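Breakdown of the fold
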Amino acid sequence: MITMIQMKVGPWVIETDVNLTKNFYNNYHVITKDCSCDYCANYILACANFPPEIKNFFDSLGIDPCKEGEISHYIENKDGTHLYSAFYHMIGRVITKPQVWSCQIMKFRYSVLLDTK
């Protein structure tokens with residue numbers, strides 16, 4: 001069953017098939033299956049502590065945040081927290097996008113890098 005939804009994420013409007021995306025993640029593996037570095041393992045542990053608004057955002061797209069496509073670790077902050085970026089796969093398309101592409105941090109407690117504000 002196709003369940004396409006449209007949503008506005010910052011300056012982007014995307015359309016995604018939530019069920020097909022969920023099916024992809026049901027059959028995909030966590031990154032620690034391919035990578036044994038401490039940064040990837042730490043990110044997977046951090047996913048369990050994402051605030052509800054982050055978990056709801058991923059769920060609304062059918063994405064399992066523990067099964068990202070790629071993780072990048074940038075720095076450990078003075079308070080012991082870490083700055084990561086991760087990208088995720090989804091089945092859908094971009095409806096509208098900004099004319100000039102820029103990557104900006106979403107304003108959540110956790111720095112989730114998306115092509116949005």
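Note: the structure precedes this text.
Model, not experiment: these values are computed from the prediction. (Residues numbered from 1 in each chain as written. Predicted model: local features only at pLDDT ≥ 70, side-chain atom pairs only at ≥ 80, totals over all residues. Heavy atoms only, no water.)

**Concerning the overall build of the chain**
When helices and strands are tallied, the chain shows three helices and seven strands. Traced from its N-terminal end to its C-terminal end, the chain shows the element sequence β-β-α-α-α-β-β-β-β-β. Residue burial in the chain is summarised as follows: out of 117 residues, 33% are buried. A fraction of 57% describes how many contacts in the chain between residues 6 or more apart in sequence connect residues 24 or more apart. Summing over all exposed atoms, the chain offers an accessible surface of approximately 7,500 Å²; the carbon and sulfur share of this is 55%. (Helix = DSSP H or I, 4+ residues; strand = E, 2+ residues; numbered from the N terminus. Buried < 20%, exposed > 50% of the residue type's maximum accessible area, 1.4 Å probe, protein only. Contact = heavy atoms within 4.5 Å. Areas by Shrake-Rupley, 256 points an atom, 1.4 Å probe, with all protein chains shown as cover.)

**Some remarks on the pattern of salt bridges**
The tally for this structure, following the rule as stated, stands at one salt bridge. Between Glu-15 and Arg-93 there is a salt bridge; the shortest N-O distance is 2.8 Å. Taken as a pair, Glu-15 in strand S2 (residues 12-17) and Arg-93 in strand S5 (residues 92-96) lie far apart in primary sequence, 78 residues in all. Relative accessible area serves as the criterion here: at 14%, Glu-15 is assigned to the buried category. (Salt bridge = Lys/Arg side-chain N within 4 Å of Asp/Glu carboxyl O.)

**Quick word on the state of the cysteines**
The tally for this structure, following the rule as stated, stands at zero disulfides. No disulfide involves Cys-47; its nearest neighbouring cysteine sulfur is the one of Cys-66, lying 4.2 Å away. (Disulfide = S-S within 2.5 Å.)

**Digging into the environment of Gly-69**
With respect to the secondary-structure elements, Gly-69 resides in the loop between helix H3 (52-61) and strand S3 (70-76). Sequence spacing of Gly-69 and Tyr-28 is 41 residues, and the spatial spacing of their C-alpha atoms is 9.7 Å. In this structure, Gly-69 is in contact with Tyr-28, Ile-31, Phe-87, Tyr-88 and His-89, ignoring residues within four places of it in sequence.

**A closer look at the pairing of strand S1 (residues 4-9)**
Strand direction decides the pairing type here: S1 and S2, joined by six bridges, are antiparallel. Paired with Met-4 across the two strands is Asp-17, which belongs to S2. (Pairing = 2+ DSSP bridges.)

**Observations concerning H3**
Here H3 has its buried residues at Ile-54, Phe-57, Phe-58 and Leu-61. What you see down the axis of H3 is that its buried residues fit within an arc of 90°, all on one side. Along H3, exposed side chains directed more than 90 degrees from the buried face belong to Pro-52 and Asn-56. Within two residues after H3, Gly-62 carries a phi angle of roughly 85°, on the positive side. (Arc of directions from axis to C-beta.)

**Observations concerning the nonpolar core**
In this structure, Tyr-43, Ile-71 and Tyr-88 are the most contacted members of the largest nonpolar core, which totals 19 residues. Secondary-structure elements contributing two or more residues to this core are S1, helix H2 (38-47), H3 and strand S4 (82-87). For Tyr-88, the contacting residues outside a window of four places in its chain are Tyr-25, Tyr-43, Phe-58, Ile-63, Asp-64, Pro-65, Lys-67, Glu-68 and Gly-69. (Core = buried A, V, L, I, M, F, W, Y, C linked by side-chain atoms within 4.5 Å.)

**Some thoughts on the environment of Tyr-88**
Inspection of the secondary structure assignment puts Tyr-88 in the loop between S4 and S5. Note: C-alpha distance between Tyr-88 and Glu-70 (18 residues apart in sequence) is 7.4 Å. Polar side-chain contacts of Tyr-88 include one of 2.7 Å to the side chain of Tyr-43. Here Pro-65 takes part through its backbone oxygen, which lies 3.0 Å from a polar atom of the side chain of Tyr-88. (Polar contact = N/O pair within 3.5 Å; in protein donor to acceptor, adjacent residues only side chain to side chain.)

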